[in-house]
Amino acid sequence: MRVLVLALAIVLQLAPGGSAAAEYTIVVSAMKFGPVPAGLRAGDTVVWRNDDMFRHTATARDGSFDVDLPPGTSASVVAGEPGSYEFFCKFHPGMTGTLVVGP
Ligand SMILES: [Cu+2]
């Protein structure tokens, strides 16, 4: 019984109410980045999922992230400093988007 109470306390500590980080997925398909999440905040996770048969990247112009996405894979980044981040694909420079991170 004591073990159970201890485990519960740890779970509550890891999930503080109200400020839990969110996770968003940006799907890459048909040589395009899908919609970027609105309301993204520092500490949230962005999952990039490549549904294409081609390799892509999600590369920030300011170098703050560079995600390699072989076909059929996913990778994630945690949103850092609030701001606006333009990104593109290294292999297909016409593929672009902007992530906006709020405080
Ligand atoms: Cu690409």
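Residues numbered from 1 in each chain as written. Predicted model: local features only at pLDDT ≥ 70, side-chain atom pairs only at ≥ 80, totals over all residues. Heavy atoms only, no water.

**Student:** Can you walk me through the side chain of Thr59 in this structure?
**Tutor:** Here Thr59 is to be found in strand β4 (residues 56–60). Since its relative accessible area comes to 8%, Thr59 is described here as buried. A distance of 2.8 Å separates the side chain of Thr59 from the side chain of Thr57, its partner in a polar contact. If we skip the residues at most four places from it in the chain, Thr59 touches Phe65, Asp66, Glu86, Phe87, Phe88 and Lys90. (Helix = DSSP H or I, 4+ residues; strand = E, 2+ residues; numbered from the N terminus. Buried < 20%, exposed > 50% of the residue type's maximum accessible area, 1.4 Å probe, protein only. Polar contact = N/O pair within 3.5 Å; in protein donor to acceptor, adjacent residues only side chain to side chain. Contact = heavy atoms within 4.5 Å.)

**Student:** Quick question: what am I supposed to make of the coordination of the copper ion here?
**Tutor:** Six octahedrally arranged donors around a metal ideally form angles of 90 or 180 degrees; four tetrahedrally arranged donors ideally form angles of 109.5 degrees. Taken together, His56 (ND1), Cys89 (SG) and His92 (ND1) make up the protein donors of the copper ion, found 1.9 to 2.1 Å from the metal. His56 sits in the buried class, given a relative accessible area of 0%. Taking relative accessible area as the criterion, His92 reaches 21% and is therefore assigned partly exposed. (Donors = N, O, S within 2.8 Å, 3.2 Å for Na, K, Ca; no water.)

**Student:** What should I look at first to understand the environment of Gly34 in this one?
**Tutor:** You can see Gly34 is positioned in the loop between β2 (32–33) and β3 (45–50). In contact with Gly34, not counting residues within four places along its chain, are Ile26 and Val27.

**Student:** Looking at this structure, how should I read the packing of aromatic side chains?
**Tutor:** In this description, a pair of aromatic rings is defined by centroid distance and the angle of the planes. The tally for this structure, following the rule as stated, stands at five aromatic pairs. Taken together, a centroid distance of 4.8 Å and an interplanar angle of 85° make the contact between Phe33 and Phe87 edge-to-face. Residue Phe33 is located in strand β2, and its partner Phe87 is located in strand β7 (residues 83–88); the two are separated by 54 residues in the primary sequence. Here Phe33 matches Phe87 in class, with each residue buried. Note on Trp48 and Phe65: the rings are 5.9 Å apart at their centroids and 35° apart in plane angle, and the pair reads as tilted. Linking Trp48 in strand β3 with Phe65 in the loop between β4 and β5 (66–69), this pair joins segments that are 17 residues apart in sequence. (Phe/Tyr/Trp six-rings, centres within 6.5 Å; stacked < 30°, edge-to-face > 60°.)

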